[in-house]
Amino acid sequence: MGIDGQVWRRCEQQLSLTTVESTNRRDIDLQALASARALIVNPSTSEETISHILETLVQSLQPKCDHFPLLYISKLLSDIALHHQHLSFSITKIIRPYTVVGKNASKLTARALSVIFTIAESDESLLSTILELGEDFALSFCFSPSVSVRLWFLVNVDRFHIHPRFLVTLLGGLMKDPYPSVRRAALCVLASLSKYTDVEGHGLIAECYDGAVELFLDEYECVRSAAVRVVSKLGEILVAPGSDEDSTDWFDIVFIQLCSMVRDMSMEVRNEAFVALGKMKLVSEDLLLQSLSKKVLRVTKEKKIVGRCSTKEYELPVSGAAGAFVHGLEDEFHKVRSSACNSLGMLTVFSGQFANDALTLLMDMLNDDSTVVRLQALETMHLMAKSDNLRVQETHIHMFIDCLMDTSSLIRYQVRKIFQLMKLPVPEMFASLICGLLTNLEKYPQDEDDVYSVLFNTGRSHGNFAVSFLKDVAHEMEPSCEGDFSFDTTRVTALFVLAISVPLSHERHIGTMPPRIFRYAIPLIGRISRILGDEIDQEALFGYLSHCSRSFNFAAKELSFREDEFTVPGVKEGCVATSFEKHQLKRITIHEESTDAVKVILKTIAESWPLIHAGCTGEVLKTLKGCKEELITIAMDSPESIRMLAFMSNYIRVIKLLAKACKHLLLSKKLQFCRMERLNLLLEKLDASLRELRYRFSGSTTKEELHVLELVLFSFAMRLSQVEIFCHQTAFKRMKGTISRVELLCREGSTEPSEFVKEVQKSFSQAGTFNNESSSDPFLLKRSLEFFSLKQVEIHGSLKHIKAEVDVPHNDSEHPLTFISGLPVGVTFQISLYNIDREDRFWLQMAVGEYTQYAFLDLIQFEGCDEVRTTTLTVPFYRTPKMISFVLKACIGRECLFEDVDFVKGQPGPKHELIFLCKVKEVYLLNGG
């Protein structure tokens with residue numbers, strides 16, 4: 001008997017024990033089954049041993065052997081089918097009788113079907129077994145006495161061949177199930193019915209809608225929360241195809257019904273109600289205004305809305321919506337207050353009066369205790385400003401300016417974003433805004449770049465106001481009586497930036513400003529050109545300032561300022577203007593050509609997905625190699641192009657690794673042990689490259705980030721679909737965190753998730769259906785891979801490349817630092833960080849052999865701006881080895897704050913994964929003891 005046979009005999013003895021106490025019975029079973037799985041996936045296991053394992057597992061399916069964990073047995077049977085494909089037909093034949101049910105289905109039926117689904121998906125010749133799952137079969141699951149079986153059916157309902165109309169009938173019945181978990185699951189399936197464009201039977205949908213409204217009174221909050229989602233979704237489906245007035249009345253009915261849930265005792269239900277309210281359409285203005293006032297308005301006091309798009313005729317008073325949003329903004333939980341702020345902004349597009357009244361409530365939220373709520377209120381007002389619904393009053397300006405003093409950099413940044421879109425009616429408000437920005441600059445010097453950008457854009461959109469303001473502060477921009485200049489202050493530089501923006505104003509009639517102001521700005525040309533790098537480079541800025549310093553008279557009147565003599569050697573006025581225009585035109589043309597070339601490459605990559613899916617990896621790799629070569633030829637004349645091409649280079653590497661991994665997984669009927677090892681190695685490289693895309697670039701749009709996150713989900717789904725029972729907890733946690741991030745982005749951007757994302761979410765929702773373990777169904781994840789499609793993504797020039805440099809001056813192999821064994825040694829590092837976010841966390845990693853030490857990099861110790869920050873630090877390294885010499889390897893890492901997995905436990909250092917931003921620096925040390 002071989003070694004594998006001996007191992008199995010011991011497993012078999014454990015499984016056959018009958019005298020063991022019940023408290024230890026399950027532990028012995030799991031140990032034996034784990035050993036059995038190790039034999040199954042091992043390619044060296046003999047066929048005789050596999051046959052013995054299969055025989056024992058089949059015997060365990062007998063009703064008398066109910067002490068075995070049914071979930072694990074079904075997974076092991078699937079393992080045998082996947083790793084020993086010649087046994088697939090035999091296993092299907094063995095399992096098939098367990099799928100034949102009478103009136104009611106059992107747990108054994110559900111698990112047997114799970115095995116058959118898995119086998120059929122890996123072997124196309126067995127797909128015919130799925131085609132028999134018709135409506136009668138579905139009924140046996142709906143009437144099963146087992147709660148877990150009914151839940152299993154609802155999670156896997158898409159695998160059954162049920163007509164949408166019949167499905168709605170089943171769901172309507174399951175909504176009345178005595179168990180809340182089943183009612184909730186039925187509602188969740190109903191909420192996804194909008195994807196069925198061929199649903200017939202308006203009456204059935206109406207009945208389900210009415211049933212969901214009745215569940216508003218359910219005693220379980222999970223059911224009420226799901227019912228709110230269903231009412232929101234089905235409410236849109238039920239809109240009558242008649243006149244606009246009918247549609248408005250029905251939306252008003254749904255709006256009032258949702259408003260009734262904003263006072264629910266459950267926080268989750270209240271939050272779900274406000275999320276649903278934000279998705280409403282065509283709500284009447286009177287009803288919207290009533291939702292902002294607890295007091296019943298005179299115009300709505302006796303008014304009622306009558307609507308009939310369901311099986312019932314609803315007659316609801318408009319006063320039912322009274323103060324709905326006021327209650328939300330006063331809620332004790334910040335999550336509800338944040339959702340109320342978001343929904344409030346989404347509804348402002350329907351009414352100008354509603355937008356004005358809502359702004360008053362939102363301004364009060366700027367004093368909220370929660371940073372999250374304050375930030376959401378500002379984001380809502382930014383959305384209103386983008387849609388031209390923000391009418392700022394003079395009293396509002398002071399509250400905005402107060403936010404510029406907030407300790408949160410995100411709050412200050414969001415306020416400045418709103419400033420750039422504001423249309424100020426009077427110069428006093430403009431002056432208050434500029435003074436607030438200057439105060440912000442003095443208190444938080446780290447905001448310098450963004451403040452300058454806001455000043456520049458605000459000056460361009462309010463030219464006359466800017467001229468008036470600059471006249472009052474002109475003395476600060478001129479030499480003192482002694483001839484001294486105060487050019488070393490950030491305030492003066494900010495005033496010059498504002499002055500430079502004025503000639504670019506789009507206003508037709510603009511006031512006058514002294515040309516000498518532009519002359520005084522010339523000594524600051526280097527600093528200003530760095531600040532306005534995206535607008536104009538140093539050479540063009542010099543020509544621009546020289547041109548403006550000679551003449552700035554956009555009005556038909558004499559300048560009221562004394563003109564001094566000033567000449568620029570070798571510069572003629574006409575030539576300067578022409579040179580400036582040519583430079584700008586050339587810069588724009590080169591950037592447009594680079595962008596067009598990148599679009600072609602991205603289109604080529606997206607079109608390669610069918611080849612990747614078909615296993616034509618060689619042809620795909622040739623295509624990607626051509627894309628890489630084409631990328632090198634693109635001109636990189638602007639910072640935008642350089643950042644975009646850096647991103648593209650990493651993106652092509654990701655697709656290359658993705659193609660290689662798909663070859664091993666999607667087309668492999670039988671994953672051999674060596675092939676699985678290669679696949680794991682490829683997936684590790686793919687994960688690392690995807691983290692590069694996520695954490696070495698910032699400023700991406702929502703679409704760009706969602707595209708990268710879908711690739712991350714696809715990578716995790718490939719890993720977790722390898723039918724692993726007792727591992728991959730780290731990948732599971734990361735995938736769960738990624739799904740949460742995708743849901744957040746979709747919710748904030750009002751974007752519908754892709755079919756692939758929905759399938760992945762569905763597989764996670766089934767976790768815990770049959771057990772309480774934190775694991776997802778690998779078979780469902782493998783099925784979800786089929787829904788993935790590589791879409792074309794657009795890369796914008798707003799991306800920033802996050803990188804770092806670390807150096808130790810005057811150190812190399814010939815000039816080592818000295819140390820004494822066992823004592824700390826101080827190493828002086830020169831560190832530069834580029835394009836960083838102020839909320840990020842950076843670490844210096846120092847390693848010798850297997851020992852690693854971390855030092856946190858406090859950005860307060862750095863000088864400069866977010867574009868480049870530098871510092872010189874002396875960091876002690878504590879564990880010096882007992883050696884004559886050694887090499888210390890140092891690197892800068894950025895903490896991946898979106899990861900849910902702890903990186904270092906119980907030790908000082910980063911709590912999340914690190915992504916390294918530079919090459920490893922080798923520091924040479926010599927023992928001088």
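### Regarding the overall build of the protein
Stage number 1. Counting its secondary structure elements, the protein contains 37 helices and 14 strands.
Stage number 2. The long-range fraction of contacts in the protein, counting pairs at least 24 apart against all pairs at least 6 apart in sequence, stands at 73%.

### Comments concerning the sheet that holds strand 5 (residues 803-807)
Stage number 1. Spatially, 4 strands are ordered 5-7-11-10 in an open sheet, and the strand pairing comes out antiparallel. This sheet does not close on itself; its edge strands, each paired only once, are strand 5 and strand 10 (863-864).

### Brief notes about the pairing of strand 7 (residues 825-834)
Each regular strand carries side chains that alternate between the two faces of the sheet.
Stage number 1. For strand 5 and strand 7, the ladder comprises 5 bridges, and the chain directions are antiparallel. What sits directly across from Val806, in strand 7, is Ile831.
Stage number 2. Sheet topology note: the strand 7/strand 11 (residues 868-877) ladder contains 10 bridges and is antiparallel. When the sheet's bridge partners are listed, Ser832 is paired in strand 11 with Thr870.

### Some details on helix 20 (residues 394-403)
Stage number 1. Here helix 20 has its buried residues at His396, Ile397, Phe400, Ile401 and Cys403. Down the axis, helix 20 shows its buried residues gathered within 150 degrees of arc, on one side only. Facing away from the buried side of helix 20, by more than 90 degrees, are the exposed residues Thr395 and Asp402.
Stage number 2. Here the buried face of helix 20 lies against helix 18 (352-364), helix 19 (371-386), helix 21 (409-419) and helix 22 (427-443).

### Some thoughts on the nonpolar core
Stage number 1. Residues Phe141, Phe153, Phe255, Met381 and Phe400 are the most contacted members of the largest nonpolar core, which totals 152 residues.
Stage number 2. Apart from the residues lying within four places of it in its own chain, the contact partners of Phe400 are Met363, Leu366, Leu378, Met381, Val392, Val415, Ile418, Phe419 and Met422.
Stage number 3. Counting residues in each nonpolar core, the second largest holds 60 residues, with Ile652, Leu683, Val742 and Val757 among its members.

### A closer look at the packing of aromatic side chains
Stage number 1. In this structure the tally under the stated criterion is 16 aromatic pairs.
Stage number 2. For the ring pair Phe756 and Phe788, a centre distance of 5.3 Å and an interplane angle of 80 degrees mean the geometry is edge-to-face. With Phe756 in helix 36 (residues 755-765) and Phe788 in the loop between helix 37 (778-784) and strand 4 (800-801), this residue pair connects regions lying 32 residues apart in the sequence. Of the two residues, Phe756 and Phe788, neither departs from the other in class, the shared state being buried.
Stage number 3. The ring of Tyr444 is capped by Arg412, whose NZ or CZ atom sits 3.6 Å from the centre of that ring.
Stage number 4. Looking at Lys803, its charged tip hangs above the ring of Tyr834, at a distance of 5.6 Å from the centre.

### Considering the environment of Glu330
Stage number 1. Structurally, Glu330 is set in the loop between helix 16 (324-329) and helix 17 (334-347).
Stage number 2. Relative accessible area serves as the criterion here: at 54%, Glu330 is assigned to the exposed category.

### Overview of the side chain of His707
Stage number 1. Mapped onto the elements of the fold, His707 is located in helix 34 (residues 702-720).
Stage number 2. Excluding anything up to four places from it in sequence, His707 contacts Tyr651, Leu790, Lys791 and Val793.

### Section: the packing of helix 8 (residues 147-155) against helix 9 (residues 164-174)
Stage number 1. Running from N to C, helix 8 and helix 9 point in directions that differ by 145 degrees, and their axes come no closer than 13 Å. The two elements helix 8 and helix 9 meet at a crossing, and its hand is left-handed. Mapping the contact onto sequence places Arg150, Phe153 and Leu154 in helix 8 and Leu170, Leu171 and Leu174 in helix 9.

### Regarding the environment of Arg841
Stage number 1. As for its placement among the helices and strands, Arg841 is situated in the loop between strand 7 and strand 8 (842-848).
Stage number 2. A relative accessible area of 32% places Arg841 in the partly exposed class.
Stage number 3. Those residues in contact with Arg841, other than ones at most four positions away along the chain, are Phe856, Gly893, Arg894, Glu895 and Leu897.

### Section: the pairing of strand 12 (residues 885-895)
Stage number 1. Judged by how many residues are buried, strand 12 sits mostly within the fold: 8 of 11 residues are covered.
Stage number 2. Bridging between strand 8 and strand 12 involves 6 bridges; their strand directions are antiparallel. Paired with Phe842 across the two strands is Arg894, which belongs to strand 12.
Stage number 3. Here strand 12 runs beside strand 14 (residues 921-927); their pairing, made up of 6 bridges, is antiparallel. For Lys889, the partnering residue across the bridge sits in strand 14 and is Glu922.
Stage number 4. As paired strands, strand 12 and strand 13 (residues 914-916) are joined by 3 bridges and run antiparallel to one another.

### Focus: unusual backbone geometry
Stage number 1. Even without being glycine, Leu282 reaches a positive phi, approximately 55 degrees.
Stage number 2. Structurally, Leu282 can be placed in the loop between helix 14 (267-277) and helix 15 (285-290).
Stage number 3. The residue His810 is not glycine, and still its phi comes out positive at about 60 degrees.
Stage number 4. Look at His810 and you get exposed, because its relative accessible area is 76%.

### Focus: the environment of Val825
Stage number 1. Turning to its location among the elements, Val825 is positioned in strand 7.
Stage number 2. Along the backbone, Val825 and Tyr878 are 53 residues apart, and their C-alpha atoms lie at a distance of 6.6 Å.
Stage number 3. Aside from chain neighbours lying at most four places away, what touches Val825 is Thr818, Phe819, Val875, Pro876, Phe877, Thr880 and Leu925.

### Concerning the state of the cysteines
Stage number 1. Counted according to the given criterion, the structure contains 0 disulfides.
Stage number 2. Not part of a disulfide, Cys222 finds its nearest cysteine sulfur in Cys188, a span of 8.9 Å.
Stage number 3. Residue class for Cys222 comes out partly exposed when judged on its relative accessible area of 31%.

### Observations concerning helix 21
Stage number 1. The element helix 21 is largely enclosed, with a buried count of 8 among its 11 residues.
Stage number 2. Taken as a whole, helix 21 has its buried residues at Ser409, Ile411, Arg412, Gln414, Val415, Arg416, Ile418 and Phe419.

### Things to note about the pattern of salt bridges
Think of it this way: side chains of opposite charge can pair up when their charged atoms draw near.
Stage number 1. Applying the stated criterion to the full structure yields 25 salt bridges.
Stage number 2. What emerges from the salt-bridge pattern is a single network uniting Arg412, Arg416, Asp447 and Asp450.

### Concerning the confidence of the model for the protein
Stage number 1. Per-residue confidence for the protein averages 77 on the pLDDT scale, and 76% of its residues sit at or above 70.
Stage number 2. Scored below 50 in pLDDT, residues 240-245 makes 2 contacts in the model with residues more than four places away or belonging to other chains.
Stage number 3. For residues 553-571, every residue scores under 50 in pLDDT, and the model assigns this stretch 31 contacts once sequence neighbours within four places are set aside.

### A few points about a positive patch on the surface
Stage number 1. A cluster of basic residues, Lys625, Lys628, Arg653, Lys656 and Lys685, forms a positive patch on the protein surface.
Stage number 2. Going through the elements one at a time, helix 31 (617-633) and helix 32 (639-665) are the ones with two or more residues in the positive patch.
Stage number 3. Of note, Lys685 is situated in helix 33 (residues 673-695).
Stage number 4. Using a relative accessible area of 40% as the deciding quantity, one classes Lys685 as partly exposed.

Reading the values: rules and limits
Residues numbered from 1 in each chain as written. Predicted model: local features only at pLDDT ≥ 70, side-chain atom pairs only at ≥ 80, totals over all residues. Heavy atoms only, no water. Helix = DSSP H or I, 4+ residues; strand = E, 2+ residues; numbered from the N terminus. Contact = heavy atoms within 4.5 Å. Pairing = 2+ DSSP bridges. Buried < 20%, exposed > 50% of the residue type's maximum accessible area, 1.4 Å probe, protein only. Arc of directions from axis to C-beta. Core = buried A, V, L, I, M, F, W, Y, C linked by side-chain atoms within 4.5 Å. Phe/Tyr/Trp six-rings, centres within 6.5 Å; stacked < 30°, edge-to-face > 60°. Lys NZ or Arg CZ within 6 Å of the ring centre and 35° of its normal. Axes fitted to C-alpha atoms, helices over the stretch in contact; angles between N-to-C directions. Left-handed = near helix turned anticlockwise from the far one by under 90°. Disulfide = S-S within 2.5 Å. Salt bridge = Lys/Arg side-chain N within 4 Å of Asp/Glu carboxyl O. pLDDT = per-residue confidence, 0-100. Patch = residues over 30% accessible without salt bridge, like charges linked within 9 Å, V, L, I, M, F, W, Y side chains within 5 Å. Areas by Shrake-Rupley, 256 points an atom, 1.4 Å probe, with all protein chains shown as cover. Lys, Arg positive; Asp, Glu negative; His and termini not counted. Charge placed at Lys NZ, Arg CZ, Asp CG, Glu CD.

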